[in-house]
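# Architecture at a glance
Here is how the chains run, residue by residue.
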Amino acid sequence: MGEIKLESKVPKGELAEKWTKYRGSMNLVAPNNKRRIDVIVVGTGLAGASAAATLGELGYNVKVFTFHDSPRRAHSIAAQGGINAAKNYQNDGDSTYRLFYDTIKGGDYRSREANVYRLAEVSTEIIDQCVAQGVPFAREYGGLLANRSFGGVQVSRTFYARGQTGQQLLIGAYQALSRQASTGKCKIYNRHEMLDIVKIDGKARGIITRNLLTGEIERHSAHCVVLATGGYGNVFYLSTNAMGSNVSAAWRAVRRGALMANPCFTQIHPTCIPVSGDYQSKLTLMSESLRNDGRVWVPKKMDDVMAIREGRMNGNDVPEEDRDYYLERRYPAFGNLVPRDVASRAAKVACDEGHGVSPTGLAVFLDFAAAIERYGKAEAFSLGVANPSEAKIRELGEKIVKNKYGNLFQMYEKITGEDPYKVPMKIFPAVHYTMGGLWVDYNLETNVPGLFALGEANFSDHGANRLGASALMQGLADGYFVIPYTIGTFLSGEIRTPQITTDGPEFEEAENAVKARLERLMGVQGNQSVESFHRRLGKIVWEYCGMSRNAEGLKKGQQLIRELREEFYRDVYVPGDMNEYNPELEKATRVADFLELGETMMVDALNRNESCGGHFREEYRSEEGEAKRDDVNYTYVAAWQWTDKDEIVLHKEDLDFKNVELKTRSYK
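What you see is a predicted model; the values in this text were computed from it and never measured.

### Regarding helix H5 (residues 113-133)
Compared with an ideal rise of 1.5 Å per residue, which puts 21 residues at 30 Å, H5 spans 31 Å between its outermost C-alpha atoms and is within 8% of the ideal. For H5, the principal kink sits at Ser123 and spans about 35 degrees. Of all 21 residues that make up H5, 16 are buried, and the element is covered over most of its length. One or two positions beyond H5, positive phi appears at Gly134, with a value near 95 degrees.

As structure tokens, this is what we get:
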């Protein structure tokens, strides 16, 4: 494949001025030329829908692909807690620099400064854009937009719409996309899955898709391709991701020469409903916003632990002095609002020590009793209720909590059968977000010219750990405010390129490769279901590359995945036919890609001999048990190339910190 040189293309100049000066000096495509240029956007979540709508508004001819029956079904809809922006509406000291610094620190100093600062800078514009679209953000009593806190910060900068922020933001982006579809500038292809990238003279010029309803293989061309296809958390099988979420679009790009950066940087979310059985296929997230008011604890006494596990007691029966509020004890400066990786590891430690409160021993309490009492007393005072009874205080407090988190509490009760207003929630960490993704430069372009990656599909902004409420921020920043500018740096050189034909040999080769791959999967006709292989893969990746990792386990995990992949191609059973509606074949292509990604994750984690953020190597920890980085040897982005010989080759982009001091993260 030849030598690959990683150029970040970060513009020169002061950090705070880079984006403004770059926008004012970059190459542009004139309006009359935009009308002659085609762009493909794959994915219709927040990043994809916002990018497609904005590019259509600018005048490009946009083709939009989603494997869902509607763009509104994209997994962005599941985001609950909120979206960050440095508006400083609370007058509590927030600023663009503070959001930038919190994000760099939260990611344990493993992200590119310039990209993160740009994200913080455009965050304020996102809120104005979404309000103009009619997104129903929560508001204060006086009508101003409300904010709440999230983990890893000491200011309130998170805008929210109860516990359904992602849904409301996606509807806003979808209406913008629908408007462009009605004008003909955007053409939406529902129920189409991208199965390959087509390169002509080294540039991304199209994709091969499969119509999921008919099985038909199709060729689609454009002057460039934008991937906004989300993360790969479902490599673990059990995760908070939708069941359809997968890595295939990004991995097909890797197989065509793109690099996968930092794949071992995966996020374990601390606030999920615990696993309840061996045959569970999905985990449910409880928004991080709940840690604003919920207190995390486990019983100190093993007698209480066992009584709770056996159903003889519940959390309310444990006296205050017998509770270990371990986050408040270990991290007094941030308490329950430490970052996700810190909170997750602390929960694991508590459960490893035997204090878990579920029958499996893998759960801790998230308790709202103190918040209900606090809110109830304040409300009683404001209503002029003298000497309110405990029942009245609880009634008033529950009403306020319901207004803030009602749909989340309702969801929890439906799933668990327990009323979180009456007894503490049980939570445990689970796989959630992936910080790794396709390597991109400052323009969000991969190392393959003309191939761009947005949102969770790229690696660029979150380092080794994402702060809560920053996923929605990045998706909309990339789609609305970054790619509409930076795509011009490539397309300005394509204004004389005629419409790309799909009749060339490159499209034929790619289509034949897709058909051969599908035929191979259909032809095995083994004895085991695709699902069974996916479940086994997930257990391997969770066991050896989950909340903690070590060298011995990673080597074993890599070998187990290789053996599983060989068994998959020897004994998988895919029923039905290629040329028809066949969801089992869809799953088979995705699991085949997960098997290769899973091995790459093991290699990446084994290569990184340090602990940072979501990557916790047991051999590298401080005396207090915290993550121990190695800034001398590992201050770089690990970008992995999958070669034709199934070898995984490392390419490095050194990270240069000029505006923040590299120091050990502390939330104490």
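Next, the rest of the story.
### A short note on the domain arrangement of the protein chain
Structurally, the protein chain comprises domain 1 (269-431) and domain 2 (505-654). Computed over C-alpha atoms, the centres of domain 1 and domain 2 are 35 Å apart. Across the boundary between the two partners, domain 1 contributes twelve residues, which contact ten residues of domain 2. Both faces considered, domain 1 and domain 2 share a buried interface measuring about 870 Å² in area, 56% of it formed by carbon and sulfur atoms. The interface formed by domain 1 and domain 2 contains one salt bridge. Its salt-bridge partner being Arg330, residue Glu626 comes within 3.2 Å of it at the nearest N-O pair.

### Some points on the environment of Gly152
Following the sequence through the fold, Gly152 ends up in the loop between H5 and strand S4 (158-159). Judged by relative accessible area, which is 4%, Gly152 ranks as buried. Put simply, Gly152 and Ala638 are 486 residues apart on the chain and 25 Å apart in space, counted from C-alpha to C-alpha. Ignoring anything within four residues of it in the chain, the contact list for Gly152 reads Asp102, Phe334, Leu337, Val338, Pro339, Leu467 and Tyr667.

### Examining empty space enclosed by the protein
Across all of its chains, the model carries four cavities of 30 Å³ or more by this definition. Looking at the largest cavity, the residues that line it are Thr266, Gln267, Ile268, Asp341, Ser344, Arg345, Met435, Asn465, Met547, Gly613, Gly614 and Phe616. Those elements giving two or more residues to the lining of the largest cavity turn out to be strand S11 (266-272) and helix H10 (340-352). Considering only residue class, the lining of the largest cavity consists of four nonpolar, six polar and two charged. Looking at which domains feed residues into the lining of the largest cavity, each of domain 1 (269-431) and domain 2 (505-654) gives three or more.

### Points about the sheet that holds strand S13 (residues 323-324)
Ordered in space as S11-S15-S14-S12-S13, the five strands form an open sheet in which the pairing is antiparallel. Of all the strands in the sheet, just S11 and S13 have a single pairing partner and so form its edges. Its contacts with the sheet place H10 against S11, strand S12 (295-299), strand S14 (364-367) and strand S15 (425-434), and it is angled at close to 65 degrees to S11.

The rules we used
- Residues numbered from 1 in each chain as written.
- Predicted model: local features only at pLDDT ≥ 70, side-chain atom pairs only at ≥ 80, totals over all residues.
- Heavy atoms only, no water.
- Helix = DSSP H or I, 4+ residues; strand = E, 2+ residues; numbered from the N terminus.
- Expected span 1.5 Å × (residues − 1).
- Bend = angle between axes of the 7 residues up to and from the residue.
- Buried < 20%, exposed > 50% of the residue type's maximum accessible area, 1.4 Å probe, protein only.
- Domains from an automatic or database assignment.
- Contact = heavy atoms within 4.5 Å.
- Buried area = accessible area lost by both parts, 1.4 Å probe.
- Salt bridge = Lys/Arg side-chain N within 4 Å of Asp/Glu carboxyl O.
- 1 Å grid on protein atoms, 1.4 Å probe; cavity = no way out; pocket = protein on both sides within 12 Å on 5 of 7 lines; lining within 4 Å.
- Points joined across faces, edges and corners; volume = space filled by probe spheres on them.
- Nonpolar A, V, L, I, M, F, W, Y, C, P; charged D, E, K, R; others polar.
- Pairing = 2+ DSSP bridges.
- Axes fitted to C-alpha atoms, helices over the stretch in contact; angles between N-to-C directions.

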